[in-house]
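Per-entry structural report
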Amino acid sequence: MNIKQLLEYGIKLLKENNIDEPILKTRILLANILNETKEYLIVHELEELNEELVKIFKEDIEKVCKHIPIQYITNKQEFMGLEFYVDENVLIPQPDTEILVEEVIDIAKQKEKTKILDLCTGSGAIGISIAKNIKNCEIILSDISTYALDVASKNSEKIVGVSIARPEIDERKNKNYKIKIIQSDLFENIQGKFDIIVSNPPYIKSDVITTLDKEVQNEPILALDGGTDGLDIYRKIIEQAYEYLNQDGYLCLEIGYDQKEEVIKLIEQTNEYQEIYSKKDLAGNDRIVVCKKEK
């Protein structure tokens, strides 16, 4: 089969299975397999492909029909202008989260040197993007999932050029690195204090997960489920973060579009934070809440 025929095959199959954006997704898949641009497919539409490439393409199209996110198939997702590796062990970084990263960068640039904890890091997209954009910082990527941390480590090496030595293997190799990795259930294995703690924690209500887009349901439940009211992890982070923040340290959280008032209320109830504010994403939804450690 040539490129044109294969594209027609893929588009037809995705349409029959009611998959959104069938043309775009088909082109992305084939371009990825050929390691070429989508424009290449247009110019070389009559190029014949060998049986192995055709087989791989058809297998990938079948995965999309089963609502496997295309990012898990290509192992690629763009975030903050960077290309991250992703697989089924991590959430797919979304453009909305860039608002959180940009805010942390703005805060960090006001300081001469910054120590930052990226809690529930997943793919490492937040912490690694921050490291790419500011100088004189030490960033800890932390997650409960060792599988997620393997992905974060791979992204650190790919994007920042830092091959992370795991602290439990050899702390001496790790001491001069800009980015470090720690496996931890929230603050369980975290030591020291930070200028900024940033997190995009699980915040979907448990009974809402089954109503989400089928592709989202194929992302890790551990990284989605925020408990009955979606606030379980926020309660823990807000309650414990104070002890891990330096004086005038910041806690920066991504939130669900309808969680602003509830999260701010949780922060206010502690009487440990000041200068609480929120910001919206590009769609106009409340997306982050930021607060400062009370003096």
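Here's a quick rundown of the structure. (Residues numbered from 1 in each chain as written. Predicted model: local features only at pLDDT ≥ 70, side-chain atom pairs only at ≥ 80, totals over all residues. Heavy atoms only, no water.)

Comments concerning the environment of Glu 48
Mapped onto the elements, Glu 48 comes out in the loop between helix H3 (38-43) and helix H4 (51-65). Those residues in contact with Glu 48 that sit more than four places away from it in its chain are Met 1 and Asn 2. (Helix = DSSP H or I, 4+ residues; strand = E, 2+ residues; numbered from the N terminus. Contact = heavy atoms within 4.5 Å.)

Concerning the packing of aromatic side chains
Applying the stated rule across the entire model yields 4 aromatic pairs. Ring centres 6.5 Å apart and planes at 20 degrees place the aromatic pair Tyr 203 and Tyr 234 in the stacked group. You can see Tyr 203 sitting in the loop between strand S6 (194-199) and helix H10 (214-217) and its partner Tyr 234 sitting in helix H11 (residues 232-241), a full 31 residues away along the chain. Pair check on accessibility: Tyr 203 and Tyr 234 agree, each one buried. (Phe/Tyr/Trp six-rings, centres within 6.5 Å; stacked < 30°, edge-to-face > 60°. Buried < 20%, exposed > 50% of the residue type's maximum accessible area, 1.4 Å probe, protein only.)

Details of unusual backbone geometry
One non-glycine residue with positive phi stands out, namely Asn 75, at about 60 degrees. Along the chain, Asn 75 turns up in the loop between helix H5 (70-74) and strand S1 (77-79). One non-glycine residue with positive phi stands out, namely Leu 186, at about 55 degrees. With respect to the element layout, Leu 186 can be found in the loop between strand S5 (179-183) and S6.

Quick word on the side chain of Asp 60
Within the secondary structure layout, Asp 60 lies in helix H4. Owing to a relative accessible area of 8%, Asp 60 belongs among the buried residues under this scheme. Excluding residues that lie within four positions of it along the chain, Asp 60 makes contacts with Leu 29, Ile 33 and Ile 73.

Topic: the packing of helix H2 (residues 22-34) against H4
Running from N to C, H2 and H4 cross one another at 140 degrees; their axes reach a closest spacing of 10 Å. By the angle between their axes, H2 is oblique relative to H4. The way H2 lies across H4 gives a crossing that is right-handed. Contact residues: Lys 25, Thr 26, Leu 29, Leu 30, Ile 33 and Leu 34 in H2; Leu 53, Ile 56, Phe 57, Asp 60, Ile 61 and Val 64 in H4. For the contact of H2 with H4, the residue count by class is 9 nonpolar, 1 polar and 2 charged. (Axes fitted to C-alpha atoms, helices over the stretch in contact; angles between N-to-C directions. Parallel < 35°, antiparallel > 145°, perpendicular 65-115°, else oblique. Left-handed = near helix turned anticlockwise from the far one by under 90°. Nonpolar A, V, L, I, M, F, W, Y, C, P; charged D, E, K, R; others polar.)

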